Amino acid sequence: MKIHHFETLDSTNDQLLKMAEGGAPEWTVVVADRQTSGRGRRRRDWWSPEGNLYMSILLRPDVTPRQLLRLPVIASLAFLSAMGESGASLTVKWPNDILLEGRKMAGILAESRSEGERVLWAVVGFGVNMIRPGDDIPIGLKNRLAFTYELEEGLEPDELASRIARGMKAWSGAMNEDGWSKAREEWSRRALLNTTYVYRDGGRDIEGVPVRLDESGGLVMETKNGEVTVYSGELENPIQNSKFKIQDKPQ
Ligand code: BTN
């Protein structure tokens, strides 16, 4: 595994996408001290000051494009294993958030290119909050973020990067059929299931409770109209006084 370390990049994902197109081998890793155009899902900016971890890993998995939905799930498990015992209270929110008491500690951005049914490459990027933020933290993020020092004092970005890379290697077999059921089980154990969310994807709003992952990594939700499986979009903040409870479902 070769780790390329940069001081400043626009985005570690963008850098690695270019390297992937240029033929870089699987398990090439890019880390940057800071990003000038860090990207989150849904074209959001990713706050990227020095002191946090920005890391991307290249895979060339032997799966179908649809099975790539498994990647953020596996990446979440890799992050949890990287935090070990100290991360026992962390939970995962489909498809890509790692939360501590509802605040976001890490985000995962998976991107890929396929030709027909063949996946050429997949890049999985991790942004992990590690620093003690100062006054420069954007107003909208205050109170919404969690930091690794809350769980493990003194953890450095480079050490966390090696642990995540090891975790990804350990879990990568779960992209294929044999390991996937174990990954699904482990994910469910750590996921925020049994909480009602609004699922948003473009114009669609669905209120329901996430219950499990399907074969490809899509999320099965229990709604008042029965089970609905979603493959993109995301879950908005949990609903405190939801009208829909899983018990409402006709037996
Ligand atoms: C999200 O939660 O929306 C995903 C955030 C992913 C951020 C990481 S930081 C390293 C890599 N490079 C990027 O530009 N984005 C990802």
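Residues numbered from 1 in each chain as written. Predicted model: local features only at pLDDT ≥ 70, side-chain atom pairs only at ≥ 80, totals over all residues. Heavy atoms only, no water.

Examining the overall build of the protein chain
Check the secondary structure of the protein chain and you find 4 helices and 12 strands. Here the C-alpha radius of gyration of the protein chain, 18 Å, is about what a compact globule of 251 residues would show, namely 18 Å. Referenced to the eigenvectors of the C-alpha coordinate spread, the extents of the protein chain come out at roughly 55 × 45 × 35 Å. Counting every position in the protein chain, which comprises 251 residues, the buried fraction comes to 51%. Excluding contacts between residues fewer than 6 apart, the proportion of contacts in the protein chain whose partners are at least 24 apart in sequence is 65%. As presented, the protein chain carries roughly 12,300 Å² of accessible surface, and 46% of it is formed by carbon and sulfur atoms. With 33 positive and 37 negative side-chain charges, the protein chain shows a spacing of 3 Å between the two charge centroids. (Helix = DSSP H or I, 4+ residues; strand = E, 2+ residues; numbered from the N terminus. Rg over C-alpha atoms; globule rule 2.2 N^0.38 Å. Buried < 20%, exposed > 50% of the residue type's maximum accessible area, 1.4 Å probe, protein only. Contact = heavy atoms within 4.5 Å. Areas by Shrake-Rupley, 256 points an atom, 1.4 Å probe, with all protein chains shown as cover. Lys, Arg positive; Asp, Glu negative; His and termini not counted. Charge placed at Lys NZ, Arg CZ, Asp CG, Glu CD.)

Re the packing of aromatic side chains
In total, this model carries 1 aromatic pair according to the counting rule given. In this arrangement the basic side chain of Arg66 is found over the ring face of Tyr231, its NZ or CZ atom lying 4.1 Å from the centre. Above the plane of the ring of Tyr149 lies Arg132, whose end atom (NZ or CZ) is 4.0 Å from the centre. (Phe/Tyr/Trp six-rings, centres within 6.5 Å; stacked < 30°, edge-to-face > 60°. Lys NZ or Arg CZ within 6 Å of the ring centre and 35° of its normal.)

A few points about the sheet that holds strand β9 (residues 204-213)
Sheet architecture is open: 5 strands sit in the order β11-β10-β9-β8-β12, paired in antiparallel fashion. The open sheet has two free edges, formed respectively by β11 (226-230) and β12 (234-235), since each of these has just one partner strand. Note that strand β10 (residues 219-223) and β11 share 5 bridges and pair antiparallel. Note on β11: the bridge partner recorded for Glu222 is Glu227. (Pairing = 2+ DSSP bridges.)

So, the environment of Phe147
As for its position among the elements, Phe147 is in the loop between β7 (118-128) and α3 (157-171). Taking the C-alpha atoms as reference points, Phe147 and Asn52, 95 residues apart in sequence, are found 9.1 Å from one another. Apart from the residues within four sequence positions on either side, Phe147 is in contact with Trp47, Met105, Asn129, Met130, Ile131 and Pro133.

Some words on the environment of Val29
Summarising the element assignment, Val29 is placed in strand β2 (residues 28-35). Sequence-wise, Val29 and His5 are 24 residues apart; in three dimensions their C-alpha atoms are separated by 8.4 Å. Those residues within four positions of Val29 in sequence are excluded, and the remaining contacts are Met1, Lys2, Ile3, His4, Met55, Ser56 and Ile57.

So, the pairing of β2
With 6 of 8 residues buried, β2 is to be regarded as a mostly interior element. In this structure, strand β1 (residues 2-9) lies alongside β2, joined through 7 bridges in parallel fashion. Bridge pairing links His4 to Val30 in β2. Read from β1 through helix α1 (residues 12-21) to β2, the crossover connection turns out right-handed. (Right-handed = clockwise from strand over helix to strand, strands pointing away.)

Here we look at the packing of helix α2 (residues 70-83) against α3
Axis separation between α2 and α3 bottoms out at 8 Å; the angle between their running directions is 130°. Put simply, α2 runs oblique to α3. Classified by chirality, the crossing of α3 by α2 is right-handed. Contact residues: α2 offers Leu71, Ile74, Ala75, Leu77, Ala78, Phe79, Ser81, Ala82 and Met83, while α3 offers Leu160, Arg163, Ile164, Gly167, Met168 and Trp171. For the contact of α2 with α3, the per-class residue count stands at 12 nonpolar, 2 polar and 1 charged. (Axes fitted to C-alpha atoms, helices over the stretch in contact; angles between N-to-C directions. Parallel < 35°, antiparallel > 145°, perpendicular 65-115°, else oblique. Left-handed = near helix turned anticlockwise from the far one by under 90°. Nonpolar A, V, L, I, M, F, W, Y, C, P; charged D, E, K, R; others polar.)

Topic: the layout of surface pockets
Counted as a void, the largest pocket has a volume near 820 Å³. Surrounding the largest pocket, 39 residues form its lining, Arg44, Trp46, Asp97, Lys104 and Arg144 being those nearest its centre. Of all the secondary-structure elements, those providing two or more residues to the lining of the largest pocket are α1, β3 (53-59), β5 (97-100), β6 (103-115), β7 and β12. Sorting elements by how many residues they give to the lining of the largest pocket places β6 first, with 5 residues. Here the lining of the largest pocket is composed, by residue class, of 14 nonpolar, 14 polar and 11 charged. Each pocket or cavity is described by its volume, and for the second largest pocket that value is around 290 Å³. Surrounding the second largest pocket, 16 residues form its lining, Arg41, Leu68, Leu69, Pro72 and Ala110 being those nearest its centre. (1 Å grid on protein atoms, 1.4 Å probe; cavity = no way out; pocket = protein on both sides within 12 Å on 5 of 7 lines; lining within 4 Å. Points joined across faces, edges and corners; volume = space filled by probe spheres on them.)

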